[in-house]
Amino acid sequence: MTARINHLGQPIGWAVPDWTACARPPRTPMEGRTVRLEPLDPAAHTDALWDAFSRDETGRMWTYLPVGPYTDRGAFDTALAANAASEDPLFFAVIDRTTGKAVGFCTYLRIDPANGVIEVGFITFSPLLQRTTGSTEAMYLMMARVFDELGYRRYEWKCDTLNAPSKAAAARLGFTYEGLFRQAVMYKGRNRDTAWFSILDSEWPAIKTAFQVWLDPANFDDEGRQKRSLAALIAERRGSLPGGRRCVDPDVRQDDGGWWMVGVVDDG
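Below you will find a few notes about this structure. These numbers come from a predicted model, not from an experiment.

1. Overview of the pairing of strand 8 (residues 154-160)
Then, in step 1: With respect to burial, strand 8 is a largely interior element, seven of its seven residues being buried.
Then, in step 2: Judged from the four bridges that link them, strand 7 (residues 117-125) and strand 8 form a sheet pairing that is parallel. Bridging across to strand 8, Val117 finds its partner in Arg154.
Then, in step 3: For the crossover that starts at strand 7, traverses helix 3 (residues 133-149) and ends in the parallel strand 8, the hand is right-handed.
Then, in step 4: As paired strands, strand 8 and strand 10 (residues 190-200) are joined by seven bridges and run antiparallel to one another. If you follow Asp160 over to strand 10, its bridge partner there is Thr194.

Encoded structure:
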C-alpha cells in the first residue's frame, strides 16, 4: 500500500478515522461442530484436564511453556484455579463434543482493545486433542470471535523459535512470519528467542473461507482423513491478497503432511 505524505513531505500511515476501541473478549462459550470452548472453570474442568494431561507421560507438551509438567495434583489444582481467575491471559477449556470432557485449553492474552490487537497463546493440547479435527476447529473459533464478533485488526502468535511444532502450526493456520526477537525472554532457566507471527483483519476473509472448507465434513473420507489440506486451501485463497502473504520463515514447513496441530504448545 502506498504511504500518504504529510505537509512536511514525510511518509505516514493510512488514516483510520472511524476507529473505536474493541470490546474485551467475553467469558462466553464458542460452539463448533467437534469442540466447544468454555471459560475455564475449575469445578467443571479440573478432573478431566488432569486426566487428559496425564496421558502425556514424558512431559513433552510442557517443554516450551513457562509452567509444568505437573506431577502433584494439588499444585495442578492451584495453578488451574489461578488460570481460571485470570483476565489476561483469559483461559478457555476445549471440550470434546463427543465425550463432553475437557481435553486442553488455550487463551487470549496481551489484550489491547484500544489498538485492536490480541494474541492467542498458552495453547496446551493434551494427547486426546492433538492431531484431531477439534484442535484446528478450536483455533478457528478463537479467530472468528476476534475478527467477526469483536472487530480486532491484528491477531498474534508468538513462540520460542526452537519450538518447531508451534511454528509449523502457525504457518498452517494462516499466520505470517514477521521476524525474530532475540533474547526476548528467560524461562525455566534458559533463553528464549521469540518468533512472531500475525494475521490481519484484511487477510481474515480468505483464511476464514479456507477454514470453513477444510472443516466441512465433506472434506474428510470415511476414515476421517482430510481430502484437501488446510495449508493448500489457505494458499489458494491467499493468492488474491495484496502481495500473496505467506509464512516466510525458512525453518517452517507449511503443508499439513496429513496431520494438524501436532502436539503444539505455545507460550505466548
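2. Examining the pairing of strand 9 (residues 176-187)
Then, in step 1: In this sheet, strand 10 lies alongside strand 9 in antiparallel orientation, the contact comprising eight bridges. Bridging from a neighbouring strand, Phe181 pairs with Thr194 of strand 10.
Then, in step 2: Joining the antiparallel neighbours strand 9 and strand 10 is a turn of two residues, in which Lys188 adopts a positive phi near 50°.

3. Some details on the environment of Ile118
Then, in step 1: Residue position: Ile118 is located in strand 7.
Then, in step 2: Linking Ile118 and Arg24, residues 94 residues apart in sequence, is a C-alpha distance of 9.5 Å.
Then, in step 3: Filtering out sequence-adjacent residues up to four positions away, Ile118 remains in contact with Pro25, Tyr108, Leu109, Arg110, Ile111, Val146, Tyr152, Arg154, Tyr155 and Glu156.

4. Section: the nonpolar core
Burial of nonpolar side chains together is a common tendency in soluble globular proteins.
Then, in step 1: Of all hydrophobic cores here, the largest spans 48 residues; its most connected members are Leu37, Met139, Tyr155, Trp157 and Phe175.
Then, in step 2: Tallying contributions element by element places helix 3 first for this core, with nine residues.
Then, in step 3: Membership of the second largest hydrophobic core comes to 17 residues, among which are Ala48, Leu49, Ile95 and Leu109.

5. So, unusual backbone geometry
Then, in step 1: In the segment running from Gly68 into Pro69, the intervening peptide bond is cis, with an omega of 0°.
Then, in step 2: At Arg110, a position not held by glycine, the phi torsion is positive, near 45°.
Then, in step 3: Inspection of the secondary structure puts Arg110 in strand 6 (residues 102-112).
Then, in step 4: One non-glycine residue, Phe122, lies in the positive phi region at around 45°.
Then, in step 5: Tracing the backbone shows Phe122 in strand 7.
Then, in step 6: Accessibility expressed as a relative area gives 18% for Phe122, which makes it buried.

Definitions and cut-offs
- Residues numbered from 1 in each chain as written.
- Predicted model: local features only at pLDDT ≥ 70, side-chain atom pairs only at ≥ 80, totals over all residues.
- Heavy atoms only, no water.
- Buried < 20%, exposed > 50% of the residue type's maximum accessible area, 1.4 Å probe, protein only.
- Helix = DSSP H or I, 4+ residues; strand = E, 2+ residues; numbered from the N terminus.
- Pairing = 2+ DSSP bridges.
- Right-handed = clockwise from strand over helix to strand, strands pointing away.
- Contact = heavy atoms within 4.5 Å.
- Core = buried A, V, L, I, M, F, W, Y, C linked by side-chain atoms within 4.5 Å.

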